Amino acid sequence: MSTLLEVKELVVRYGGIEAVKGINLHIHQGELVTLIGANGAGKTSTLNALAGLLKPASGEIRFEGELLNSSPIHQLIQRGLALVPEGRGVFPRLTVEENLAMGAYTRKDKPGMRADLNQVFESFPRLQERRQQKAGTLSGGEQQMLAIGRALMGRPKLLLLDEPSMGLAPLMVQTIFSVIQRVAKEGMTVFLVEQNARLALQSAQRAYVMEGGMIRFNASANECLSDPRVRLAYLGEDS
Ligand SMILES: Nc1ncnc2c1ncn2[C@@H]1O[C@H](COP(=O)(O)OP(=O)(O)O)[C@@H](O)[C@H]1O
Ligand SMILES: [Mg+2]
């Protein structure tokens, strides 16, 4: 298995606050890896540093062996990283179709883009029904679908997802997670940040557990599901 992403001693600071305190993690090609942890643990800060939105205070981020630290964001997209940020971040005044086209702006292969657009519409039929509608008028769940669809339109090598289940009705969460699981099965590498630990662990192969800016431990998703510490702190069980 080749390593797609390798993070060493990553530190993220906001002024005097150290949100990420020297973490190490790696993701192999083709894996679905999750990062779980309570609110404020440092998950978003980690992900935003990987996606180039935040400049690390120190540490190394390597993608396909190459150092990424402080590469401009358009370069990261071209290299194959796509982030679906917390709170979605679709372009509200653009239509569904226009948002999806924005996700593919670095691509030149028209037939591949058409195929991916069909695939997105197949995954999320609601988006197809609303293809001419302005993104700002969609429901929260539909906007999350659109944000994921837009990321997929770039055919990323690594898909970074920040709490895709947040604030969504259970049925919507199911739809979104089944698409995440399918793209992973088809070979896309996925790094999934979630507060919904049960769902994340049921979807992923491996997991990192983050607390107070540090990785407390990492294990296979199955091990985590049966680990007493995880069950107690993250799955709401007492054994
Ligand atoms: N823009 C910011 N400015 C100052 N502190 C921040 C900022 N964003 C996050 N933090 C702090 O960093 C810590 C980690 O936050 P975050 O990465 O958002 O955690 P999570 O995504 O796990 O909920 C928290 O203590 C939070 O208050
Ligand atoms: Mg967060």
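Preceding this paragraph is the structure being described.
Residues numbered from 1 in each chain as written. Chains lettered and ligands numbered in written order. Predicted model: local features only at pLDDT ≥ 70, side-chain atom pairs only at ≥ 80, totals over all residues. Heavy atoms only, no water.

1. Quick look at the packing of aromatic side chains
Alright, step 1. In this structure the tally under the stated criterion is 0 aromatic pairs.
Alright, step 2. In this structure, R229 packs its charged tip against the face of F217, placed 4.1 Å from the ring centre. (Phe/Tyr/Trp six-rings, centres within 6.5 Å; stacked < 30°, edge-to-face > 60°. Lys NZ or Arg CZ within 6 Å of the ring centre and 35° of its normal.)

2. With respect to helix α7 (residues 170–185)
Within an α-helix, residues lying three or four positions from one another point in the same direction, as the helix has 3.6 residues per turn.
Alright, step 1. End to end, α7 covers 22 Å across 16 residues, agreeing with the expected 22 Å (1.5 Å per residue, within 8%).
Alright, step 2. Listed in full, the buried residues belonging to α7 are M172, V173, I176, F177, V179, I180, V183 and A184. The buried residues of α7 occupy an angular sector of 155° when the element is viewed end-on, so they sit on one face. Of the exposed residues in α7, those oriented more than 90 degrees away from the buried face are P170, L171, Q174 and K185.
Alright, step 3. G187, located one to two residues past α7, shows a positive phi value of around 115°. (Helix = DSSP H or I, 4+ residues; strand = E, 2+ residues; numbered from the N terminus. Expected span 1.5 Å × (residues − 1). Buried < 20%, exposed > 50% of the residue type's maximum accessible area, 1.4 Å probe, protein only. Arc of directions from axis to C-beta.)

3. Details of the coordination of the magnesium ion (ligand 2)
Alright, step 1. Taken together, T44 (OG1) and E86 (OE) make up the protein donors of the magnesium ion (ligand 2), found 2.0 to 2.3 Å from the metal. With T44 in helix α1 (residues 43–50) and E86 in the loop between β6 (81–84) and α3 (96–103), this residue pair connects regions lying 42 residues apart in the sequence.
Alright, step 2. Residue E86 is classed as partly exposed on the basis of its relative accessible area of 37%. (Donors = N, O, S within 2.8 Å, 3.2 Å for Na, K, Ca; no water.)

4. Structural notes on the site of ligand 1
Alright, step 1. Neighbouring ligand 1 are Y14, I17, A19, A38, N39, G40, A41, G42, K43, T44 and S45.
Alright, step 2. Contact distances for ligand 1 include 3.3 Å between an oxygen atom and a side-chain N or O atom of N39.
Alright, step 3. At 3.0 Å, a backbone N or O of G42 approaches an oxygen atom of ligand 1.
Alright, step 4. Contact with the protein chains covers 60% of the free accessible surface of ligand 1, which is 560 Å².
Alright, step 5. Elements that contribute at least two residues to the shell around ligand 1 include exactly β2 (17–28) and α1.
Alright, step 6. Taken together, the residues that form the shell around ligand 1 break down as 5 nonpolar, 5 polar and 1 charged. (Near = heavy atom within 4 Å. Polar contact = N/O pair within 3.5 Å; in protein donor to acceptor, adjacent residues only side chain to side chain. Areas by Shrake-Rupley, 256 points an atom, 1.4 Å probe, with all protein chains shown as cover. Nonpolar A, V, L, I, M, F, W, Y, C, P; charged D, E, K, R; others polar.)

5. Section: the pairing of β2
Alright, step 1. One ladder, built from 9 bridges, connects strand β1 (residues 3–14) with β2; its direction is antiparallel. The residue bridging L5 from the neighbouring strand is I27, located in β2.
Alright, step 2. What sits between β1 and β2 in their antiparallel hairpin is a turn of 2 residues, with G15 showing a positive phi close to 55°. (Pairing = 2+ DSSP bridges.)

6. Observations concerning α3
Alright, step 1. If you check which residues of α3 are buried, you get V96, N99, L100 and G103. Looking down the long axis of α3, one finds its buried residues gathered within 100° of arc, a one-sided arrangement.
Alright, step 2. Packed against the buried residues of α3 are α4 (110–123), α5 (125–129) and α6 (140–152). (Contact = heavy atoms within 4.5 Å.)

7. Describing the environment of A207
Alright, step 1. Relative to the helices and strands, A207 is located in strand β9 (residues 206–211).
Alright, step 2. Separated by 16 residues in sequence, A207 and F191 have C-alpha atoms that sit 9.6 Å apart.
Alright, step 3. Excluding residues that lie within four positions of it along the chain, A207 makes contacts with T34, L201, F217, N218, A219, A221 and C224.

8. A closer look at the pairing of strand β3 (residues 32–36)
Alright, step 1. Buried residues dominate β3, accounting for 5 of its 5 residues.
Alright, step 2. Covered by surrounding structure in β3 are L32, T34 and I36 together with V33 and L35, the residues of both alternating faces.
Alright, step 3. Here β3 runs beside strand β8 (residues 189–194); their pairing, made up of 5 bridges, is parallel. Counted as the bridge partner of I36 is E194 from β8.
Alright, step 4. Here β3 pairs with β9 via 4 bridges, running parallel. Of the residues in β9, the one forming a bridge with T34 is A207.

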